[in-house]
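Architecture and fold: a report
What follows is each chain in one-letter form.
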Amino acid sequence: MLEELRRKLTIWMQGRYGIDELTKMLNILGIVLLLLSLIRPLRFLSLAALVLIGFNLFRMTSRNIPKRLEERQKYLLFVSRIRPFFTVIRLNIKDRGTHKYFLCKDCRKVLRVPKGKGRIEIRCPECGKKLIRNT
Ligand SMILES: [Zn+2]
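Quantities reported herein were computed from a predicted structural model and do not represent experimental measurements.

**Notes on the overall build of the protein chain**
- Counting its secondary structure elements, the protein chain contains 4 helices and 4 strands.
- For the protein chain, the C-alpha atoms occupy an extent of roughly 70 × 40 × 25 Å along the three principal directions.
- Once local pairs closer than 6 in sequence are excluded, the contacts in the protein chain between residues at least 24 apart make up 33%.

Below, the structure written as structure tokens:
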């Protein structure tokens, strides 16, 4: 019975997009919103969760694979652009006693300098961009 259902689902999913990184992230976000709407019943939270889950179902079952791959590329680019910000925040908390971290505006490399050196000029070893920061 379960095998039969799985077989039918596999056939039905043929030629459809399926799951990717964006789906997984939106699923987590949808579940978080759903749980939040249980704790604090706000109409827009449960509505947003439903919209996310609906959009995910649409993406997973879509036959327009080039369009879904394009969305995936945009998502991965977005993640690669925001990830360094979170890295800098995390490192600044972790090494708050000894070092300070900055992000190069040009190449987005994480720069580490010793703390307590006052206002200094930092040169990015990757691209050569100079920035002046308080340490
Ligand atoms: Zn740089």
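The rest of the description comes next.
**Quick word on helix H4 (residues 65-94)**
- Helix length check: H4, at 30 residues, gives a terminal C-alpha distance of 42 Å against a target of 44 Å (1.5 Å per residue), a fit within 8%.
- Its axis deflected by about 25° at Ile-82, H4 carries its strongest bend there, up to four residues before the proline Pro-84.

**Some remarks on the pairing of strand E2 (residues 110-114)**
- Two strands pair when backbone bridges link them, and strand E1 (residues 99-103) and E2 are joined in this way by 5 bridges, in the antiparallel orientation. Within E2, the residue paired with Tyr-101 across the bridge is Arg-112.
- Linking E1 back to E2 in an antiparallel pair, the connection comprises 6 residues, with Arg-108 at a positive phi of about 65°.

**Overview of unusual backbone geometry**
- Phi at Arg-108 takes a positive value of approximately 65°, unusual for a residue other than glycine.
- Locating Arg-108 in the fold gives a position in the loop between E1 and E2.

Conventions used here
- Here the residue numbers are simple positions, counted from 1 along each chain's written sequence.
- Side-chain atom pairs in this predicted model are given and counted only at pLDDT of 80 or more, local residue features only at pLDDT of at least 70, and totals for whole chains, interfaces and linings cover all residues.
- Numbered from the N terminus, helices here are DSSP runs of H or I no shorter than four residues, and strands are runs of E no shorter than two.
- In this description, any two residues whose backbone-derived C-beta atoms lie within 7 Å of each other are considered to be in contact.
- In this scheme, a helix's expected span is set at 1.5 Å multiplied by one less than its residue total.
- To get the bend at a given residue, fit one axis to the seven residues ending there, fit another to the seven starting there, and take the angle between those axes.
- When DSSP finds two or more bridges between two strands, those strands count as paired.

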